[in-house]
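This is what each chain is made of:
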Amino acid sequence: MIWVVLLLVAPVESLKPVILVPGALASKIEAKLNKSERSHFYCSKTSDWYTLWLKLESLLSPAVNCWADNFKMEFKEGVFSNTPGVETRVAGFGESRSLDYVDDGHHIVYYKDLVDSILSQPGAEEGVTVRAAPYDFRYSPPSKESQLYFDRLKKLVEDTYKTNGNKKVVLVSHSLGGLTISTFLHTVSQQWKDTYVHAWVSAAGVFGGAVKEIKVMVSHGIVNLPDFISNRLLHRDLARKIMGNYFMLPRYPIWGKDELLLQTPKSNYSLSNLDQLFLDMGVTDGPDKWATVRDASYTGDPGVKTYCFNGKDIPTSASFRYKNQADFPDQVPETIFGDGDGTVPARSLHMCHKWNSTVKVTEYSGPDTGEHDKVIQNQDFIKNVIQIISEDNMNI
């Protein structure tokens, strides 16, 4: 219950400001259209700014065809970008409430419980004490768009520090946001980190990638809806065009080069022959897309005090298998499970456990409290964040 958390009230002078960094699919992306032709007769060619991600109704047939055509990316000469006639922007950067929900209709709760608890503290101000740093999750390092995001995030940290009376900032990330923050912190100096960052709270960080992304690319897509509601193969083909999906693939050395990721009667696929998997599933530019992002992340010690939170003891995709060659790649493969939080395998989550800068590791067992998307709504996690932002007066 939220009211239990509210008992942890920090003195006004000690409360440190918070910047929230989301995972994949949690930022609101807006689009403006000026296209030369329609993908379908019922799709718009032109528009003012509107919500591209996420309105749940846009994922339903036949509207999903228009959405996918505007959401997809093109890849030319090693660069990902919007398709011609589509302009995009991210909404709510620097605001407090822009990450409360994943969708416009407020059906999927995201950071809301945490933001409510922070803003309930004496002296906390909306837009001042807690601020959101959403990003276009379709892009990833080393893209120009990611570098622009890092520049904006750096300025947001500095501005938040100054606005709050030169108080150091606590960064809070979830999922892909963890790999984003890890890579961002590698781009700034230790002096900058020492000046502006009090601590980093990482929840369910996908530091070494996730095997689930193999299934996303091969057969499934990023949206898990029944075929009679939305078109699975449409989502699968879309996922193959999104830069961020390649960025979240399993990485060496967290995964061995010859460790099995996908098996068919004809082939065993691992990191050593991932290029061949792309070609065998019909993605001829897949090897070039993978090469663009393969070495673009950083998961070394971040150089700031770090708190790691993650789930465990939940069946999580470890590899996939097709028993019939004819089912590859259009049918959904069998999943072989290992340990993790239901989305990210344990070894990927545990990268932050190994850092010298990590001062506390908290793991939640089972799906009720430890499931990948539930960690940030876990009341113990929220309580810990409140303690961290007021830790001058509390021992945690």
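Residues numbered from 1 in each chain as written. Predicted model: local features only at pLDDT ≥ 70, side-chain atom pairs only at ≥ 80, totals over all residues. Heavy atoms only, no water.

**Observations concerning the overall build of the protein**
Turning to step 1, where the next piece is worked out: Looking only at helices and strands, the protein has 14 helices and 15 strands in total.
Turning to step 2, where the next piece is worked out: Its C-alpha atoms give the protein a radius of gyration of 21 Å, within 12% of the compact-globule value 21 Å for 396 residues.
Turning to step 3, where the next piece is worked out: Over its C-alpha atoms, taken along the principal directions, the protein stretches across nearly 65 × 50 × 40 Å.
Turning to step 4, where the next piece is worked out: Counting across all 396 residues of the protein, residues that qualify as buried make up 55%.
Turning to step 5, where the next piece is worked out: Pairs at least 24 residues apart make up 74% of the contacts formed inside the protein by residues separated by at least 6 positions.
Turning to step 6, where the next piece is worked out: Per element, the accessible surface of the protein, about 16,400 Å² overall, is 49% carbon and sulfur. (Helix = DSSP H or I, 4+ residues; strand = E, 2+ residues; numbered from the N terminus. Rg over C-alpha atoms; globule rule 2.2 N^0.38 Å. Buried < 20%, exposed > 50% of the residue type's maximum accessible area, 1.4 Å probe, protein only. Contact = heavy atoms within 4.5 Å. Areas by Shrake-Rupley, 256 points an atom, 1.4 Å probe, with all protein chains shown as cover.)

**Looking at the state of the cysteines**
A covalent bond bridging the sulfur atoms of two cysteines is what the word disulfide describes.
Turning to step 1, where the next piece is worked out: According to the stated counting rule, one finds 2 disulfides in the structure shown.
Turning to step 2, where the next piece is worked out: The disulfide partner of Cys43 is Cys66, and the gap between their sulfur atoms is 2.0 Å. Of note, the bridge from Cys43 to Cys66 carries an S-S torsion of about -85° and is left-handed in sense. In this pair, Cys43 sits in the loop between strand S2 (29-33) and strand S3 (50-53) while Cys66 sits in helix H2 (residues 63-71), placing the two residues 23 residues apart along the sequence.
Turning to step 3, where the next piece is worked out: Take Cys43: its relative accessible area is 3%, and that puts it in the buried class.
Turning to step 4, where the next piece is worked out: Taking relative accessible area as the criterion, Cys66 reaches 14% and is therefore assigned buried.
Turning to step 5, where the next piece is worked out: A sulfur-sulfur separation of 2.2 Å characterises the disulfide bridge that pairs Cys308 with Cys352. (Disulfide = S-S within 2.5 Å.)

**With respect to the sheet that holds strand S13 (residues 316-321)**
Neighbouring strands of a sheet are bound in pairs by backbone hydrogen bonds; such pairs are parallel or else antiparallel.
Turning to step 1, where the next piece is worked out: Taken in spatial order, the 4 strands make up an open sheet running S11-S10-S13-S14, and their pairing is mixed. Edge strands, defined here as strands with exactly one partner in the open sheet, are strand S11 (268-269) and strand S14 (334-338).
Turning to step 2, where the next piece is worked out: Two strands pair when backbone bridges link them, and S13 and S14 are joined in this way by 5 bridges, in the antiparallel orientation. Within the sheet, the bridge partner assigned to Ser319 lies in S14 and is Ile336.
Turning to step 3, where the next piece is worked out: Where helix H7 (residues 212-220) meets the sheet, it contacts strand S10 (262-263), S13 and S14, and its direction lies at approximately 45° from that of S13. (Pairing = 2+ DSSP bridges. Axes fitted to C-alpha atoms, helices over the stretch in contact; angles between N-to-C directions.)

**Quick notes on the packing of aromatic side chains**
Turning to step 1, where the next piece is worked out: One pass over the full model with this rule turns up 24 aromatic pairs.
Turning to step 2, where the next piece is worked out: Measuring from centroid to centroid gives 5.8 Å for Phe184 and Trp192, while their planes differ by 85°, and the two rings are edge-to-face.
Turning to step 3, where the next piece is worked out: Phe184 gets classed as buried once you look at its relative accessible area, which sits at 1%.
Turning to step 4, where the next piece is worked out: Linked through ring pairs, Phe93, Tyr135, Tyr149, Phe150, Tyr161, Phe184, Trp192 and Tyr196 together constitute an aromatic cluster.
Turning to step 5, where the next piece is worked out: Above the plane of the ring of Trp49 lies Arg89, whose end atom (NZ or CZ) is 4.0 Å from the centre.
Turning to step 6, where the next piece is worked out: Here the guanidinium or amino end of Arg152 rests over the ring plane of Phe93, the centre of that ring lying 3.9 Å away. (Phe/Tyr/Trp six-rings, centres within 6.5 Å; stacked < 30°, edge-to-face > 60°. Lys NZ or Arg CZ within 6 Å of the ring centre and 35° of its normal.)

**Quick word on the sheet that holds strand S12 (residues 306-312)**
Turning to step 1, where the next piece is worked out: The 6 strands lie next to each other as S7-S1-S8-S9-S12-S15, forming an open sheet whose pairing is parallel. Because the sheet does not close on itself, it has two edges, and the strands there are strand S7 (130-132) and strand S15 (358-365). Each strand of the sheet is rotated relative to its neighbour by a mean of 15°, with strand direction disregarded.
Turning to step 2, where the next piece is worked out: Two elements, strand S8 (residues 169-174) and strand S9 (residues 197-203), share 6 bridges in a ladder whose sense is parallel. Across the sheet, Val172 pairs through a bridge with Val201, a residue of S9.
Turning to step 3, where the next piece is worked out: Contacting strand S1 (18-21), S7 and S8, helix H4 (residues 144-163) crosses the sheet at an angle of about 160° to S1.

**So, the pattern of salt bridges**
Turning to step 1, where the next piece is worked out: Per the stated rule, a full pass over the model turns up 20 salt bridges.
Turning to step 2, where the next piece is worked out: As a salt-bridge pair, Lys55 and Asp104 come within 3.5 Å of each other at their nearest N and O atoms. Taken together, the positions of Lys55 in the loop between S3 and H2 and Asp104 in the loop between strand S6 (86-90) and helix H3 (112-119) put the pair 49 residues apart, joining distant regions of the chain.
Turning to step 3, where the next piece is worked out: Residues Lys323 and Glu334 are paired through a salt bridge, measuring 4.0 Å at the closest nitrogen-oxygen approach. Here Lys323 is found in the loop between S13 and S14, whereas its partner Glu334 is found in strand S14, with 11 residues between them in sequence.
Turning to step 4, where the next piece is worked out: Look at Lys323 and you get exposed, because its relative accessible area is 63%.
Turning to step 5, where the next piece is worked out: According to the relative accessible area criterion, Glu334 is partly exposed, its value standing at 33%.
Turning to step 6, where the next piece is worked out: Through salt bridges with shared partners, a single ionic network connects Lys28, Glu30, Lys55, Arg89 and Asp104. (Salt bridge = Lys/Arg side-chain N within 4 Å of Asp/Glu carboxyl O.)

**A short note on the confidence of the model for the protein**
Turning to step 1, where the next piece is worked out: When the pLDDT values of the protein are averaged, the result is 94; 95% of them are 70 or greater.
Turning to step 2, where the next piece is worked out: The low-confidence segment residues 1-12 (pLDDT under 50) makes 27 contacts with residues lying over four places distant or belonging to another chain. (pLDDT = per-residue confidence, 0-100.)

**Quick look at the side chain of Arg251**
Turning to step 1, where the next piece is worked out: Structurally, Arg251 is set in the loop between helix H9 (243-247) and S10.
Turning to step 2, where the next piece is worked out: Of the side chains with opposite charge, Asp295 lies nearest to the buried Arg251, which makes no salt bridge, at 6.1 Å. (Lys, Arg positive; Asp, Glu negative; His and termini not counted.)

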